Amino acid sequence: VGLGLCYYELGKKEKNPGKIKKARKCFERALDLDPNEVNALMALVVMDLADAAQIEDDYDDTLMPSGNEVQKEKQNKTEIIARAIGRLQKAYELEDKNPNVLNHLANHYFIRNDYKMAFDLARKSSGALKKKGKYRKG
């Protein structure tokens, strides 16, 4: 997972898609070795959501694609988001008090306009971070 994070950060900083692909492979390999590795799951959630957002951004940078291309892109985006949500759900099932998981879930519910759930999850995430900080100090 650590190597994947390094590749991901370098790939973002250098705008190098090759390093970002290597990062994804590292996270996927971590899951091959341990399917319950929450950090790898969450890294892939972040990468998937960034990929889905990029599909939307590509429309701004190019001429509007044809109707069939738009449908394919929408389908691809839907599949990517579904994969990310599935991974997020699994991460929550594995570690329901993980602040990173709770924060991403809060973002998901906020986007879905479920503000009560988003607030509750954000509050739990904040509480989990405070507890984690006390544990490290003590």
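Nothing here was measured: the structure is a model prediction, and the numbers come from that model. (Residues numbered from 1 in each chain as written. Predicted model: local features only at pLDDT ≥ 70, side-chain atom pairs only at ≥ 80, totals over all residues. Heavy atoms only, no water.)

Caption draft 1: View of helix α5 (residues 99–111). Between the first and last C-alpha of α5 there are 18 Å, a value that for 13 residues agrees with the 18 Å anticipated at 1.5 Å per step. Its side-chain oxygen placed 2.8 Å from the backbone nitrogen of Asn-100, Asn-98 serves as the N-cap of α5. With its phi angle positive at about 65 degrees, Asn-113 sits one or two positions after the end of α5. (Helix = DSSP H or I, 4+ residues; strand = E, 2+ residues; numbered from the N terminus. Expected span 1.5 Å × (residues − 1). Polar contact = N/O pair within 3.5 Å; in protein donor to acceptor, adjacent residues only side chain to side chain.)

Caption draft 2: A look at the packing of aromatic side chains. Enumeration over the complete set of coordinates arrives at one aromatic pair. Between Phe-110 and Tyr-115, the aromatic rings sit 5.2 Å apart at their centres with planes inclined by 65 degrees, giving edge-to-face as the arrangement. (Phe/Tyr/Trp six-rings, centres within 6.5 Å; stacked < 30°, edge-to-face > 60°.)

Caption draft 3: Spotlight on a nonpolar patch on the surface. Together, Phe-110, Ile-111 and Tyr-115 make up an exposed nonpolar region whose accessible area comes to about 370 Å². Within the secondary structure, Ile-111 is located in helix α5. Note on Ile-111: relative accessible area 68%, which makes it exposed. (Patch = residues over 30% accessible without salt bridge, like charges linked within 9 Å, V, L, I, M, F, W, Y side chains within 5 Å. Areas by Shrake-Rupley, 256 points an atom, 1.4 Å probe, with all protein chains shown as cover. Salt bridge = Lys/Arg side-chain N within 4 Å of Asp/Glu carboxyl O. Buried < 20%, exposed > 50% of the residue type's maximum accessible area, 1.4 Å probe, protein only.)

Caption draft 4: Region of interest: the pattern of salt bridges. Scanning the model with the defined rule gives nine salt bridges in all. Salt-bridge contacts for Arg-24 lead to Asp-51; the nearest nitrogen and oxygen are separated by 2.8 Å. In this pair, Arg-24 sits in helix α2 (residues 17–33) while Asp-51 sits in helix α3 (residues 38–61), placing the two residues 27 residues apart along the sequence. We note a salt bridge from Asp-120 to Arg-123, for which the minimum N-O separation is 3.4 Å. Of the two residues, Asp-120 and Arg-123 are both situated in helix α6 (residues 115–137); the distance of three residues between them amounts to about one turn of the helix. Overall, Asp-120 belongs to the buried group, its relative accessible area being 19%.

Caption draft 5: Structural detail: the nonpolar core. Membership of the largest hydrophobic core comes to 20 residues, with the highest contact counts inside it found for Phe-27, Met-42, Met-47, Leu-88, Ala-91 and Val-101. Among the elements of the structure, α2, α3, α4 (67–94) and α5 are those that each provide at least two residues to this core. With eight residues, the single largest contributor to this core is α3. (Core = buried A, V, L, I, M, F, W, Y, C linked by side-chain atoms within 4.5 Å.)

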